[in-house]
Amino acid sequence: MAPGVGTGPGIGTGAGESPAETKTRRGLRTKLVVAVVVLVAMAGAVGIVVRPGPVDGWLDALSGEPTSTPTPAATTPEPSPTPVLVAAEADGSAPDPVAVKAALDPLVNAKELGPTVHVQVVDVASDTILYERNPTKPTTPASTTKVLTAATVLAARGPAYRLETRVVAGANPGEVVIIGGGDASLAVRESDKDLFPGAARLDDLAAQVKKALGGTKPTRVLVDTSLFEGPETATGWDAGDIPGGQVARIQSLMTNAGRIEPVHNEFGGDPRSGDPALAAGKAFAKMIGVSQSAVRRGTAGPAPTASAATTWTPGAELGKVQSPPLVQVVDWMLQQSDNVLAEVLGRQVALAAGKEASFTGAAEAMGDKLTELGLPAEQAKLFDASGLSTRNGITPTLLVQTLALAAGGRQPALGNMFNGLPVAGWSGTLETRFATPSDNETAQGVVRAKTGSLSGVNTLAGVLITREQRVLAFAIMAKGGADATTARSALDEVVARLVACGC
């Protein structure tokens, strides 16, 4: 589900609806009320600061107060967004580790989770370890790897950073070079907006270039993907991941994260182009009136000296588009568990550190940034930034300390990840979770967490608010469960017990 779910048209009106649509609308309204109540409750517990945006409108609508007059869209880059979470308060006593152990042991020992379970739970305000099992032993993290990716890219680039896609004049009149800047969220046209709302668009870029060319007829398109280096697939990826739609070849130019069509399915199945950069180049060429046969790989290269007899200036910028602020791209990456977005964000950590934008460079830079943040980077061995690699190893301790640091307020940029983490029973990859057994429903709306799933691997890492209004950070990493559906339900049961725990 895309960020901002529940804010679209049709939720407040029922005119012309079918019975099924009416039921869906009422369900969304119920979820909305629950979400707002949770936000209010959490505000007292952890000092949540509501950012300008949809939530303000929800609160106004529920209170009957008129909304404020809309302001014109900003024409300058947004400032760094306000953190979703500020420092957790230490009101009341932390849960008793002995009582927590008694509550969780039977659930962690559930056969559905498999023979190997790694866990840590920490009370954020007091930094008290409430429960742990194999906490410093690395295990396969699956997509909980994205927690580290989000933290390191927000720390390295800042929430307001934008990714650029540029077009410059080539060496000869009519030749244009489209330069990939690593914005995998780039859309093709306005109709793609439902996948990544507000994304930069290829048709906007084409319109700029056509205007800049004036009377010069475009003759050729070169596709420059030189920003990224090294292999386009990672060690540990399954041979079926790309044709299966889980990921695309990682290139610095692509549209809709390499998808052939702008659709998203939670468990893959989104067909990807075999060469995303060339596909984007061909789509761009068609928009500016260049033959598909005149599209090829190339680089902008050093600008030759322009001839005095022509107005063509090699290297001159003909157009550019920018992604939304990085915090929005991180939101999409976490909400949808988008593997391609995760990989290009990992490369941004590398570029910010002056390292090569490759799988290896990203892993090194992410480790260095974790160390800089005071986190135990040695407890991670990374082969990618998305978690698709079966070779990755991360400890529960590292995940929990990263989440606790983000929730504790000492690193405001990191707090922005909580807006993107899926909410139990409400959004993203947790929208349909915490439904069965019925006891799990107590966690709906009060758990924000990143899911992770590979064959035989089921993980969950995030934060929650207990019944006593304590903020807990947790990571549960199970390996060997025979059935993914029952394993996920068993994971949810552990977290729901923490929410309800009177420990």
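Before reading further, recall that the structure is shown in the block above.
Described in the following lines is the structure provided in the data block. (Residues numbered from 1 in each chain as written. Predicted model: local features only at pLDDT ≥ 70, side-chain atom pairs only at ≥ 80, totals over all residues. Heavy atoms only, no water.)

## Description of the packing of aromatic side chains
Any two aromatic rings considered together are summarised by their centre-to-centre distance and by the angle between their planes.
Move 1: Applying the stated rule across the entire model yields 2 aromatic pairs.
Move 2: Measuring from centroid to centroid gives 5.1 Å for Phe 196 and Trp 332, while their planes differ by 40 degrees, and the two rings are tilted. With Phe 196 in the loop between β4 (175-179) and α5 (202-213) and Trp 332 in helix α7 (residues 326-336), this residue pair connects regions lying 136 residues apart in the sequence. For the pair Phe 196 and Trp 332, one class covers both residues: buried. (Phe/Tyr/Trp six-rings, centres within 6.5 Å; stacked < 30°, edge-to-face > 60°. Helix = DSSP H or I, 4+ residues; strand = E, 2+ residues; numbered from the N terminus. Buried < 20%, exposed > 50% of the residue type's maximum accessible area, 1.4 Å probe, protein only.)

## Notes on the sheet that holds strand β3 (residues 164-169)
Move 1: Pairing is mixed across the open sheet formed by 5 strands, whose spatial order is β6-β5-β4-β3-β7. Two strands bound the open sheet, and with one partner strand each, they are β6 (295-297) and β7 (317-322). Taken pair by pair, the neighbouring strands of this sheet meet at an average axis angle of 20 degrees, ignoring direction.
Move 2: Sheet analysis places strand β5 (residues 220-224) next to β6, joined by 3 bridges and oriented parallel. (Pairing = 2+ DSSP bridges. Axes fitted to C-alpha atoms, helices over the stretch in contact; angles between N-to-C directions.)

## Re the sheet that holds strand β12 (residues 471-479)
Move 1: Across the sheet, 5 strands lie side by side as β2-β1-β12-β11-β10; this open sheet has antiparallel pairing. Each having just a single partner strand, β2 (128-133) and β10 (447-454) make up the two edges of the open sheet. Going across the sheet, the axis of each strand differs from the next one's by a mean of 5 degrees, ignoring polarity.
Move 2: Pairing geometry for strand β1 (residues 116-123) and β12, over 8 bridges, is antiparallel. By the bridge assignment, Val 122 is partnered in β12 with Ala 473.
Move 3: Packing of helix α10 (residues 396-408) onto the sheet brings it into contact with β1, β11 (457-465) and β12, and relative to β12 it is tilted by some 155 degrees. (Contact = heavy atoms within 4.5 Å.)

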